[in-house]
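# Results of the structural survey
Each chain, written out:
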Amino acid sequence: MTPTLAADVHAVTTAADGGALSFAWLLIAFPLAGAAILLLGGRRANAWGHWLAIAAALASFAWAVLGLVDLLGRAPEGRSVAVEVYRWIEVGGFRADVSLLVDPLSITFALLITGVGSLIHVYSVGYMSHDENRRKFFAYLNLFVAAMLVLVLADNYLLLFLGWEGVGLASYLLIGFWQHKPSAAVAAKKAFLINRVGDIGLLIAIMLMFTTFGTVAFTPLFESVGGAGQGVMTAIGLLLLLGACGKSAQLPLQAWLLDAMEGPTPVSALIHAATMVTAGVYLIVRSGPVFEAAPTAQLVVTVVGAATLLAGAAIGCAKDDIKKALAGSTMSQIGYMVLAAGLGPIGYAAAIAHLVTHGFFKAGLFLGAGSVMHGMNDEVDMRRYGGLRKAMPITFATFGAGYLAIIGVPFLSGWWTKEGIIQAAFDSGGVTGQILGWATLLGAGLTAFYMSRIMFMTFFGKKRWADDAHPHESPSSMTVPMIVLAVGSVALGAVLVFNYTLAGFLAPVVGAPHHEFDLAHMVTSPYSLIALAFMLVGVAFAWVRYARADVPVEAPKGNFVTVAAREELYGNALNEGLFMRPGQVVTAASTAFDNHAVDGLVNGVARWIRTGSENLRLVQTGFARSYALTMLFGAAVVVATTLGVTFA
Amino acid sequence: MELYTPIFVLGGIGAAFVVLSMVVGALAGPKRYNRTKLQAYECGIDPTPQPVGGGRFTIKYYLTAMLFIVFDIEVIFLVPWAVHLDALGMFGLVAMVLFLANVSIAYAYEWRRGGLEWD
Amino acid sequence: MIPLGLPEPTAPALTTQAPDLDYWLLSPLLVVFAVGVVGVLVEAFVDRRHRRLTQLVLALAGVGAAFVLTLLQVGSLPEQGAGVGVAFATVAVDRPTLFFQGTILVLAFISLLLIAENRDGESAFAAQAAAVPGSEEERAHVLAGSQHTEVYPLVMFAVLGMQLFPASNDFLTMFIALEVMSLPLYLLCGLARRRRLFSQEAAVKYFLLGAFSSAFFLFGIAMVYGYAGSVHFADVYAAVGAGGAGVIEDGEPLLLIGMALIGVGLLFKVGAVPFHNWKPDVYQGAPTPITALMASCTLVAAFGALLRVFYVAFGASVWEWRPMLWVVAILTMVLAAVIAVTQRDIKRLLAYSSVVHAGFVLTAVVAASADGLAGAMFYLAAYGFTTIGAFAVVTLVRAPEGGAEAGDLAQWAGLARTSPFLAGALGLFLLAFAGIPLTSGFIGKFAVFEAAVAAGATPLVVVGVLSSAVTAFFYVRIIVLMFFAEPAETAPRVLRPGGLTGTVIGVGIAATVLLGVFPGPVLDNLLPQPSAEAAVGTQPSGAGIVPEDMFVR
C-alpha cells in the first residue's frame, strides 16, 4: 500500500481563535432558521417569507466568503480547520459530537452552494410569483441549502449521511412541489426510491468503515486506510460509488434525473444541475484516500463516469423537452467529473474545477430555459420554439454564454475545465487512459451537437409557436441572476484554472497537480486540437440539421438509435424488468414470510408476554395484606441472597 | 452460637408464658358470657361497626387525644434538656424556645380551627 | 443476669459541648421548614378567602429561595474533599446532596404549580376531607367552595423530609427524614376531590405498607448497630473495613441481615419489585398533582438515600450487597415491564413505568462507581421532569361527565384529532420514557447502562435493554392509540391547559428536549472531573470498594 498524496495532509487544526471559522455552524444555521421560520410562520409569512429566505441564503454566502478569507490567511498546510459545534453526549469512553471540517474542498462547495443558491433564490421570486405556495417553496429551498451545507461541511461520514438524506428529502419535496400533477408526484417518488438504493450503498459503506476502522470521522479514518485488506477496501469503494451513482444520476441509477425535471425550473437549476447532483463527485473526491487504497473500485468509477458521459450525451441529443435535454447534458457532464474523480489525485482538482464552472453555466442554462418557458406559457417542447432570440434578447445572450461555455469554446469556462479532464484522462496512462481519453473527446463532440441543437431549435430558425404564445422577456429579478451566471460562465474557468489557482488551493486536501501550469501546452496539445475539431464537427452537424433545415413540429419517427436515446436508452424498461418485477416477487415473498414466520415469532413472543402479564396482574389483588405478604417474601429473598452469597 | 443462647432462652420463656397463661385461663377460668363481654374492646369507645348512625364516632376524640400527645412529646424533650441545662447553656435555651414555639404553633392551629370546641 | 459477653458498660460521657450548627449549610432545609411552619400559622390566622394565594406565594417563594441557597452552596463547597459534615456530621453537604436537593426543589416547584391549579374554583383536592364521601356535609362544603389549603404546608414538610433524606449521614437522621417525608404524603394521597373512596383506600394502603417497610428499615438499623456499634455512616464503613467493631464476635450475619433489611426499607420507597405493590394503587388513587410530586421528588430523594447508604455506609461491602441488588433490579425490570403491558389505566401504566425506571436506575447503583452515581443522578433528574409533564397531561383529560379524570386508555383513542398539542406533548414524554434518541430518556438510559457495563454488569444491561423493548411496546401503543385510532364513542372532555398546567407541560417538554439534545453541561458537571491518575485508580469497584472521593465520609 503506497502512501497516498491525500492521506498525509490531514493535519487538522482547530478553530479556537474566535474567527469566522469558529462560527462556521452559522453557515448552516442561517438557512435552517429561514426554513423553520417559513414553515412554522404559516400564512403570516407569505408577504415577506421569500425575502427572508434570500437574506438567509445571502448571509450564509457572506459567511462562506469570510471563511474563505480566513482560510486564505492561513498557511496552506493549516487550512484544514475542525470546528466542534457541540458535544452531544460523553459517557465513559464513548463520545459523540457534531463537528464541521472547513478546508479548501468544503469551502469551495460552500461558496458554490450559497453563491449559486442565492442567485437562484432571487430568480425564484419572479419565477414563482404567481404560485400560491411560494412561501413553502422558499422554505424548501432554504432547507435544501442547509442540508447541502451539512453534507459538505461534515467532518465524518455519519453527519455527511445526515446531510445526504436531508438533500434527498428537499429534492423529493421540490420535485413533487406541484403534486397536483400526477407526473410530478410519480417523479418525486421515483427519485426518492432510486436514491434509496444509493443511500443504502452509502449506509452499508459507512457501517463497513466503522467496523473496519472503528471510526467514521474523515481524518482518523483516512490515516488508517492502509491497515485494511484489499477486499474490504474494494467493497467500501464500490458501495460508496453506489451511493454516489444514486445522488449524481450515474449509470445504473440514472433514471430519476430526467423525470425530476417535473419540478419547478429553479429547482432543476439549483438541485438537479448545480449542486445536489454533484454530491456524488464530492463524496468520491472526499473519500479519495479510500479509493486510492482500492484500485479496482477506482477503475469502476472511471468506467461508470465514461459510460454515463456518453449515455447522457446520447439522451441529450434526442430529447425534445428542453429541460430533459439539459438533464441529459447534466448526466453527461457529471460523468466527466466522476471519471476525473476516479483517476485519483491527478483528476481531483480537474473534477472540482469542472464541477464549479458547470455549476455556473448549467445553472445559467436552466434559468434560461426557465425564462423561455416563463415567456412561452410553460411550453417545454423545443419543436414549439424557434426564433426566440428577438423576443428574448437577454435570455438569448445569457443562454448563449452558457452554451458557448459548455461546448468548450476556447478560453471560456467550460473549455478550461474540460481540457483539464481530457488531459488528466490521457495522462493517467496505459490503454485505460487512452480509452477514457477518447471517450471524453467523443463526449465533447456530442456535447457540441446536442447543445447546438437546443440552441438552434430554441432561438434560431422559424417561429413554431403555439397560437396563444406571446413570448416576452422575463422580469429583472430573473434576468439579473442569469446575467451574473453568464459572466461566471464566461470568466470563471480562466480565474480558476489559470496558474492552477483552484488546484493549488485544493492541493492540501486532494494532492498537488503533477506539473506546472503551461498555457501554451494547453492550447497546442494534440488532444486540445482534436477536441476543438470534434466540437466544430458537432456544431456544424447541428447547424445543418436544425438551423438550415426546417424543424418539424411533430417529431419524426427516427431510426432505432434516436428512438433508443429518446427512450433514455431503455433505462426505465431495464429498471422495470431487472428490478421492479423481481422486486415485486421478492416483496410478495417477503411479505408472506413476514406475515407467517416473522409475525408468528413476534406475535408469539408478544402473546407470551401478554399471557405472563395477565397472570402477573393477578398478584396485584388490591389487598394491603397480600401486598405486605409480598414484601415479606421479598425481604426473605433479599436477606437470603445476601447471606447466601457470603456463606454458601 | 452460645452468644445467642440467652436470646433463644428468653424467647422460649416468653412463648411458654403466653401458651401457659392461655391454657390455664381456658381451663381454670369461669365461662359466663353476656352481650357486653362478647364485644371487641376498643379503647373505651363503642366498637365498630355500629349498626345505625353511619358507623362513625366523632373526630373530636382524636383531636383532643392528639393535643395530649403534643404536650407529651414536649415533656419528654424537656426532661433531658433540664438535666443538662448547665452544659448546653445558651444554645440549649434558644433551641428549646424554638422547639416550644414550634409545638405551640400546632396547638394554635388546632385551637383556631375549632379543634377544642366539643360541639 | 444473663452472661452476654459484652464489655462492662461504662457510663457515657456527658456532652458538655453544645453542638455547633452551620446555619448557612442548613439554610435550604431551614427555609423550607420555616415556610411550612408559617403555612400552619397562615391556616390558623389568615382569613379563609386569602389563604390559597398566601400559601401559594409562600410555598413558591420558599422553595425558590431554598433552591437559590442550594445553588449558592455549590460554590461554597471546599476545594479539597467532597464536602462537609454538619451538625456532628449527621448531615452531609456534598455535591450529590446538593444535586439531589436542587433537583428535588426544582421538581417540587413545578409540582406546586400543578397542585395550585384551580379550575373554576375546583382544585384537585377534596373540599373537606373529613366529610363522608357522598354525604350532605360534603355537598355543603363543595357548594361553599371550601378548600384544603393545608396541602401547601404538608407539601413543604414532605419536601423538607425529601431534602434531608439524601443528605442524612447517619441511620437515625435518615429514619427521621424518611418519616418526615412520608407522613405528609400519606395524608396528601387521601385528599383527592373525585373518587374519594379510591383515594382514601390508597392513602390507607400507602400508610400501612409504609409503616411495614419502616419497621424493616428500623430493624435493619438495629442489626447494623449491633455490628458496628454506631449508626453513623463513617463508623459503619470503618467497622466493615476492620471486620466488625468487636461488639459481638463473628457479627457478620448481623451486618448482612441489617444491610438487606435497610435495603428493603429503601427499595420500598423507590418502588422496586417485589416492594412495588403500593405504587400502582397509590399513584392511581392519589390526586394527580400529588402523584406527580411522588413520582418525581420522592423517587429522587429515595434514590439519593439509597445511593448514600450503599456507597458510603456499605461502601466497602460491594460484593455483599451487589447480588441482592442484582436480583431486585432484574425482578423489577422484567416483572414491572411485563405487567405494564396489560394495564388499561393511564395512571397505573405510568406507575408501572415508574417501577421499571427504578429498575434502570438500580443498574447504575449496582455499578458502584462514580459513573454509576453520575448516571443515576442524570437519569433521576431527566425522568422527574418528564414524568411531571406526563401527569400534567393526565390532569387535563377528563371523563365526558362528572369531571373525573379519564383514566381508561380506551377513552384516549384519537386524542390527537381533537387536541394535537396535548397528544404531541404526551407522545414526546412517552418517547422519552422509551429512551428514543434526542430525548433526555435516551441519554439517561445510555448513562446508566454504560456505567453498569463498565462495572461488569453486562447481563443486567442485557435484561435492561430487553425490558426497554417491552416498555417501548406499550408506550408506542399509547401513541398509536392517540394518533391513529378512531376516537372513542365516549370521547373525553379535554380541558384547555391553564397558565399553571401549561407552564408545567412546557417545562416538561423543554427539559426533555434540552437534556436530550444538550446533555453535556449537566452530564459533565455532576461530579468533579477525576484527574487522569485518579481515573486510573478508580477501576470500578474491582476491590469491592466504592471510590471514596464522591461523598463526605
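Residues numbered from 1 in each chain as written. Chains lettered and ligands numbered in written order. Predicted model: local features only at pLDDT ≥ 70, side-chain atom pairs only at ≥ 80, totals over all residues. Heavy atoms only, no water.

## What to know about the overall build of chain C
- Across its full length, chain C carries 21 helices and four strands.
- Here the C-alpha atoms of chain C give a radius of gyration of 23 Å, agreeing with the 24 Å that 2.2 N^0.38 yields for 553 residues.
- Its C-alpha atoms give chain C principal-axis dimensions of roughly 75 × 55 × 50 Å.
- For chain C, the residues scored as buried account for 61% of the 553 residues in total.
- The contacts in chain C between residues at least 6 apart in sequence include a share of 81% that link residues at least 24 apart.
- Put simply, chain C has 26 plus and 35 minus side-chain charges, and the middle of one group is 14 Å from the middle of the other. (Helix = DSSP H or I, 4+ residues; strand = E, 2+ residues; numbered from the N terminus. Rg over C-alpha atoms; globule rule 2.2 N^0.38 Å. Buried < 20%, exposed > 50% of the residue type's maximum accessible area, 1.4 Å probe, protein only. Contact = heavy atoms within 4.5 Å. Lys, Arg positive; Asp, Glu negative; His and termini not counted. Charge placed at Lys NZ, Arg CZ, Asp CG, Glu CD.)

## Here's the deal with the overall build of chain B
- For chain B, the count of helices and strands is four helices and zero strands.
- Secondary structure elements of chain B occur, N-terminal to C-terminal, as α-α-α-α.
- The 119 residues of chain B split such that 11% are buried.
- Summarising the internal contacts of chain B: among those between residues at least 6 apart in sequence, 51% fall at separations of at least 24.
- Approximately 9600 Å² of chain B is accessible, and the part contributed by carbon and sulfur atoms is 71%. (Areas by Shrake-Rupley, 256 points an atom, 1.4 Å probe, with all protein chains shown as cover.)

## Side note on a nonpolar patch on the surface
- A contiguous nonpolar patch, built from Ile59(B), Tyr61(B), Tyr62(B), Met66(B), Phe68(B), Ile69(B), Ile73(B), Ile76(B), Phe77(B) and Trp118(B) and spanning about 1100 Å² of accessible area, is present on the exposed surface.
- In this fold, Phe77(B) is placed in helix H3 (residues 60–83). (Patch = residues over 30% accessible without salt bridge, like charges linked within 9 Å, V, L, I, M, F, W, Y side chains within 5 Å. Salt bridge = Lys/Arg side-chain N within 4 Å of Asp/Glu carboxyl O.)

## Details of the arrangement of the chains
- The pair of protein chains exhibiting the most contacts, out of two pairs of chains in contact, is chains A and C.
- Kept free of each other, chain A and chain B leave a smallest C-alpha distance of 16 Å between them.

## Details of helix H13 (residues 346–367) of chain C
Residues and elements named next belong to chain C.
- Look at H13: 32 Å from first C-alpha to last across 22 residues, which is about the 32 Å you get at 1.5 Å a residue.
- By the criterion of burial, H13 is predominantly enclosed, with 22 of the 22 residues buried.
- By the N-cap criterion, in which a side-chain oxygen at the helix start approaches the backbone nitrogen of a residue two or three places on, H13 is capped by Asp 345, the distance to Lys 347 being 2.8 Å.
- Of the residues flanking the end of H13, it is Ala 368, one or two places downstream, whose phi is positive at about 55 degrees. (Expected span 1.5 Å × (residues − 1). Polar contact = N/O pair within 3.5 Å; in protein donor to acceptor, adjacent residues only side chain to side chain.)

## Here's the deal with the UniProt feature "transmembrane region" (unreviewed entry) in chain B
Residue and element names in this part refer to chain B.
- Following the UniProt record, one finds the feature "transmembrane region" (unreviewed entry) at residues 6–28, 61–83 and 89–109.
- Secondary structure content for residues 6–28 is 100% helix and 0% strand, and the end C-alpha separation is 32 Å.
- Along residues 89–109 the backbone is 100% helical and 0% strand, and the end-to-end C-alpha distance reaches 31 Å. (UniProt positions renumbered as here; feature names shortened; annotations may be inferred.)

## So, the interface of chain C and chain A
- If you look at the interface, chain C gives 55 residues, while chain A gives 35 residues.
- Run the count over chain C and chain A and you get eight residue pairs in polar contact (both at pLDDT 80 or more).

## With respect to the side chain of His232(C)
Residues and elements named next belong to chain C.
- On the secondary structure map, His 232 appears in the loop between helix H7 (196–228) and helix H8 (233–241).
- Here His 232 falls in the buried class, since its relative accessible area comes to 13%.
- There is a polar contact of 3.3 Å between the side chain of His 232 and the backbone nitrogen of Ala 234.

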